Amino acid sequence: MMNEFKNGKCDVVSSSDIGRYVVAVKPLKQGDLLLCEQPVIIGLNWGSDLRCLACYKGFSQLCNKCQLAPLCCDCEHEPFECNFLATASLPKNFLIDNFDVVTALRFIMLSRDPSKKQIYEEVMRMESHCAQRCGTPIWITHENCVTKPLKLANVIGEEDAAMIQKYCGIMDVNAFEIRSETFEEVPIRGLYPKAALLSHDCVGNTFISLDETRSLRIYSSVDIDAGKTIYNNYTFALVLSGTEVRRQHLKEGKYFHCKCSRCMDPTELQTNLSSLNCQCCEKGLILYQEMSENWQCNVCKTSQTTQEINGILTAATSKMVEITTVENLEQAISIQSKLLNPNHYLVIDMKQRLASILRNICDRSMVPQPKMLRRKIELCEDILPIIRILQPGIARLKAIALFEYFNSKAELTIHEMNDQKLSISEGIAKLASAEQLATESIKMLLYEPKSTPEGHLAKIAMLKLKSIRENISLFRNMLDDGRA
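Residues numbered from 1 in each chain as written. Predicted model: local features only at pLDDT ≥ 70, side-chain atom pairs only at ≥ 80, totals over all residues. Heavy atoms only, no water.

Bringing the sheet that holds strand β3 (residues 33–37) into the picture now. One open sheet accounts for three strands, arranged β3-β11-β10; its pairing is antiparallel. One side of each edge strand has no neighbouring strand; the edge strands of this open sheet are β3 and β10 (206–210). With strand direction ignored, the average angle separating the axes of adjacent strands in the sheet is 15°. Where β3 and strand β11 (residues 216–220) come together, four bridges link them in antiparallel fashion. Counted as the bridge partner of Leu33 is Tyr219 from β11. (Pairing = 2+ DSSP bridges. Helix = DSSP H or I, 4+ residues; strand = E, 2+ residues; numbered from the N terminus. Axes fitted to C-alpha atoms, helices over the stretch in contact; angles between N-to-C directions.)

Encoded structure:
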């Protein structure tokens, strides 16, 4: 598989401000495949438990050739890696006792593999932010758990210590989290040099998928004009979090202060995920002001310091942490919606947790749960408009939320028709709405590899769509036969 941008659709350019980045060479349509790339280095997160160095499942034995690499009973690791370790004169339990050195060792192996000279040169052009990291807790951790063991084992000399920190920095700053072959939660990271060139925006214009072979694919999530920058959202897991949370994440992991349009807008593109209800006028919203670094009501102009706002949020968070029941979540949502606002990211988090609990209850129940289905629908209607703003176009979170929405609507409609609470005409209209939502969800889910959990969800969604269409057809025939 070629690790290059596809068919001249994109190009790598550079500027003195942000370094190298990717732009569209020609107009791109939503869903265009821009890049297909394999990782050049795979490593585990720092502090991971012992794992097989081939499949990253549990470790059960040492490689019978090099006598160093932890493996499961089914795997062998890369021949170059095996030969490197076999000739490195390392103590037998070196990797077991110092598992954090594995990723750095793989950088060293890459540097010494003549067939991968060009790849190594490309990797070494990647940003490490060593200047910002020097002396920080992560730097000290790498010094103690990676650099020192390698020096003591004579794998590197004192003069190589800075290079090891650079390797660690390159991995920390640029790597993508990847799944195991069985899609279990395994702390694996992959280095994809081309994909890492994409600049960040908290409202990206790309969609990224990873399959069981660890192939990374980047698609345009929306139409992109020629000359426009191609963006990845580095904070995709925090898409429904507030600006300060995302900025802190980027500052700690990527070493920059985000000034994208979402972060610079006090309303976060009118979603108000960080805004608080003003308790003085009870009409306005208290918004963060970038220039003054304080907060101000957009109606009565009452000001509050960031310290005061953080105190409110800390108190709210502490009350939410232990809440796990439907009743307590409903109560907390009601209280915090008044104190914060119904769209505040802490309230949205509780709504997501509540929706998850309701889904599990409905899935386990042998009979329909109309009250819970109605509440699930309400929650989806609260959350989906926010997701549509923050993730325009193809987006995994939106596809999954749409699945929950259409499935609940269809189930509730059939239940209400069976109870004669809806006429056939009303039921058809509601099922037609569910059909439209299902089609939208499936369109996005089909970009997911078939072997992934989202790929399996696409198959389920298609079966449910088929059932919806069959019911619509059945009820329309009933109307035509005069049995309404």
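After presenting the structure, the write-up continues.
The next subject is the packing of aromatic side chains. Pairs of aromatic rings are described using the distance from one ring centre to the other and the angle between the two planes. One pass over the full model with this rule turns up eight aromatic pairs. Consider the rings of Phe107 and Tyr167, whose centres lie 4.8 Å apart with planes at 15°: the pair is stacked. In this pair, Phe107 sits in helix α3 (residues 102–111) while Tyr167 sits in helix α7 (residues 161–174), placing the two residues 60 residues apart along the sequence. Of the two residues examined, Phe107 and Tyr167, each falls in the buried class. Judged by centre distance (5.1 Å) and plane angle (70°), the ring pair of Tyr219 and Tyr447 falls under edge-to-face. Of this pair, Tyr219 sits in strand β11 while Tyr447 is found in the loop between α15 (424–445) and α16 (453–480), placing the two residues 228 residues apart along the sequence. Cation over ring: Lys254 sits above Tyr234, and NZ or CZ is 5.0 Å from the ring centre. (Phe/Tyr/Trp six-rings, centres within 6.5 Å; stacked < 30°, edge-to-face > 60°. Buried < 20%, exposed > 50% of the residue type's maximum accessible area, 1.4 Å probe, protein only. Lys NZ or Arg CZ within 6 Å of the ring centre and 35° of its normal.)

Next up on the list: the sheet that holds strand β16 (residues 303–304). One open sheet holds the four strands; their spatial order is β13-β14-β15-β16, and the pairing between them is antiparallel. Looking at strand neighbours, the two that pair on one side only are β13 (276–277) and β16, the edges of this open sheet. In terms of strand pairing, strand β15 (residues 294–297) meets β16 through two bridges, oriented antiparallel. Bridged to Trp295 within β16 is Gln304.

Another aspect to go through is the nonpolar core. Counting 67 residues, the largest nonpolar core has Leu85, Leu95, Leu105, Ile108, Leu150, Ile164 and Ile230 as its most contacted members. For Leu95, the contacting residues outside a window of four places in its chain are Leu50, Leu53, Leu68, Ala69, Pro70, Leu85, Val101, Val102 and Leu105. The next biggest cluster of nonpolar side chains, apart from the first, holds 65 residues, and it includes Phe207, Leu240, Leu379 and Ala401. (Core = buried A, V, L, I, M, F, W, Y, C linked by side-chain atoms within 4.5 Å. Contact = heavy atoms within 4.5 Å.)

This is a description of form; function is not addressed.
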